[in-house]
Amino acid sequence: MRLFIDTGSVAEVEEISAWGVLSGATTNPTLLAREHADPGRTICRICDLVDGPVSAEVVATDAAGMIAQGLALSSLHEHVVVKVPFSPAGLEATSALAEQEIPVNMTLVFTASQALLAAEAGATFVSCFLGRLEDVSIDSGETLQGIIETLHTGQTTAEVLAASIRTPQHAVLAARLGAEIATVPGRVLHQMLAHPLTAAGIERFGADWASRPELGEWMTKLVDGEVVR
Ligand code: E4P
């Protein structure tokens with residue numbers, strides 16, 4: 001499973017893209033509105049940093065408006081994927097954009113039947129929101145599994161993108177169920193790093209090495225190319 005970062009923050013992508021784990025990014029109007037930065041510059045900078053698909057969302061609610069906004073967003077950068085909310089107008093816009101070979105991430109998909117329609121309309125990515133399903137007491141794993149099975153057994157090439165990831169366990173669940181992608185907020189990516197045994201292990205290795213100062217000197221010489229092999 002590939003990992004995207006779900007963010008509107010360039011600083012967050014600058015930090016986390018250095019880990020080498022990101023294949024793309026997703027933004028949404030809420031995330032971009034939080035940043036008080038020029039949205040076009042933010043989207044382009046994130047595109048350069050992740051060097052992969054970056055979803056930028058339309059806010060029109062009619063098909064013509066979605067198509068016009070989608071074409072404009074797509075012109076920002078070659079990595080832009082147009083994010084279109086699920087609705088009849090969204091399906092129409094997805095179909096029109098896909099016909100022009102503009103990739104679409106159909107978002108706010110909460111059932112397998114919606115996912116089927118999104119895929120048939122030509123969406124490249126179908127976004128299922130795990131956290132928001134749980135907000136209304138619906139089993140997100142069961143729903144995601146249904147979407148994955150539905151799309152994977154058909155002829156579609158649409159990829160399942162697990163979104164609204166609120167915990168590391170959500171990301172692991174998405175991978176175990178077979179989602180192609182999970183888009184994960186920076187806060188959760190940081191949580192995925194953490195384990196007390198990892199921190200304790202690093203501290204102990206460091207302390208043991210430091211207890212023999214000549215080993216530190218040897219490592220410095222090795223790095224400087226002064227160790228005879
Ligand atoms: C996905 O593309 C959305 O931007 C995002 O995952 C929504 O997450 P939320 O439900 O935590 O706002």
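As shown above, the structure is provided for reference.
All of these numbers come straight from a predicted model, not from anything done at the bench.

Undergrad: Mind laying out the site of the ligand, listing which residues take part and the relevant values?
TA: Inspection of the region around the ligand gives Asp6, Thr26, Asn28, Lys83, Phe129, Arg132, Ala163, Ser164 and Arg166 as its neighbouring residues. Arg132 is positioned such that a nitrogen or oxygen atom in its side chain is 2.6 Å from an oxygen atom of the ligand. Within the side chain of Ser164, an N or O atom sits 2.6 Å from an oxygen atom of the ligand. Coverage of the ligand by the protein amounts to 86% of the 340 Å² it exposes when considered alone. Its atoms largely coinciding with the cavity grid, the ligand occupies the largest pocket. Across the shell around the ligand, the residue classes break down as two nonpolar, three polar and four charged.

Undergrad: If you had to explain helix H1 (residues 10-17) to someone new, which residues and values would you point to?
TA: Buried within H1 are the following residues: Val13, Ile16 and Ser17. End-on view of H1: buried residues confined to an arc of 95 degrees, all on one side of the axis. Among the structural elements, strand S1 (2-6), strand S2 (22-26), helix H3 (39-50) and helix H10 (186-193) are those in contact with the buried residues of H1. Regarding H1, its N-cap is Ser9, as a side-chain oxygen of that residue lies 3.4 Å from the backbone nitrogen of Ala11 further along.

Undergrad: Account for unusual backbone geometry, naming residues and giving values.
TA: One non-glycine residue, Asp51, lies in positive phi territory at about 50 degrees. Here Asp51 shows up in the loop between H3 and strand S3 (54-57). Here Leu108, not a glycine, exhibits a phi torsion of approximately 65 degrees, which is positive. Among the residues examined, Leu108 registers a relative accessible area of 29% and is labelled partly exposed.

Undergrad: Tell me about the pattern of salt bridges, and please be specific about residues and values.
TA: Side-chain pairs of opposite charge can arise where the charged atoms are in close proximity. Under the counting rule described, the total for this entry stands at five salt bridges. Of the charged contacts, one joins Arg2 and Glu159 as a salt bridge, the two residues approaching to 2.9 Å between their closest N and O atoms. A residue pair is termed long-range when its members are at least 10 positions apart, and Arg2 in strand S1 and Glu159 in strand S7 (residues 159-163) qualify at 157 residues. The class for Arg2 is partly exposed, based on a relative accessible area of 31%. Salt-bridge contacts for Arg45 lead to Glu14; the nearest nitrogen and oxygen are separated by 3.2 Å. One end of the pair, Arg45, is in helix H3; the other, Glu14, is in helix H1, and 31 residues separate them in sequence.

Reading the values: rules and limits
- Sequence order as written defines the numbering, with residues in each chain counted from 1.
- Restriction of local features to residues with pLDDT of at least 70 applies here, the model being predicted, together with a cutoff of 80 or more for giving and counting side-chain atom pairs; totals for whole chains, interfaces and linings are based on all residues.
- To get the side-chain values, take all heavy atoms of the structure and skip hydrogens and water.
- A single heavy atom is enough: if one lies within 4 Å of a molecule or strand, its residue is considered near that molecule or strand.
- Pairing of N or O atoms within 3.5 Å defines a polar contact, subject to two protein rules: one partner must be a possible hydrogen donor and the other a possible acceptor, and residues neighboring in sequence count only if both atoms are side-chain atoms.
- The Shrake-Rupley method, run with a 1.4 Å probe, gives the accessible areas here. Residue values count only the displayed protein chains as cover.
- Only protein atoms enter the 1 Å grid used here, on which a cavity is any set of points holding a 1.4 Å probe that cannot leave and a pocket is any open set flanked by protein within 12 Å on both sides along at least five of seven lines; residues with an atom within 4 Å of a point are listed as lining.
- Assignment to a cavity or pocket requires that more than half of a molecule's atoms be within 2 Å of the site's grid points.
- Ten residues, namely Ala, Val, Leu, Ile, Met, Phe, Trp, Tyr, Cys and Pro, are considered nonpolar, four, namely Asp, Glu, Lys and Arg, are considered charged, and the remaining ones, Gly among them, are considered polar.
- Note on classification: 1.4 Å probe, protein chains only; a residue is buried when its accessible area is under 20% of the maximum for its type, exposed when over 50%, partly exposed between these limits.
- We count a stretch as a helix when DSSP gives it H or I for four or more residues in a row; a strand needs E for two or more, and each element gets its number in order from the N terminus.
- Here, the arc refers to the directions that run from the helix axis to the C-beta atoms.
- Any two residues whose heavy atoms approach within 4.5 Å are treated as being in contact.
- Salt bridge, as used here: a side-chain nitrogen of Lys or Arg that lies within 4 Å of a carboxyl oxygen of Asp or Glu.

The values reported here are purely geometric and, on their own, carry no functional implication.
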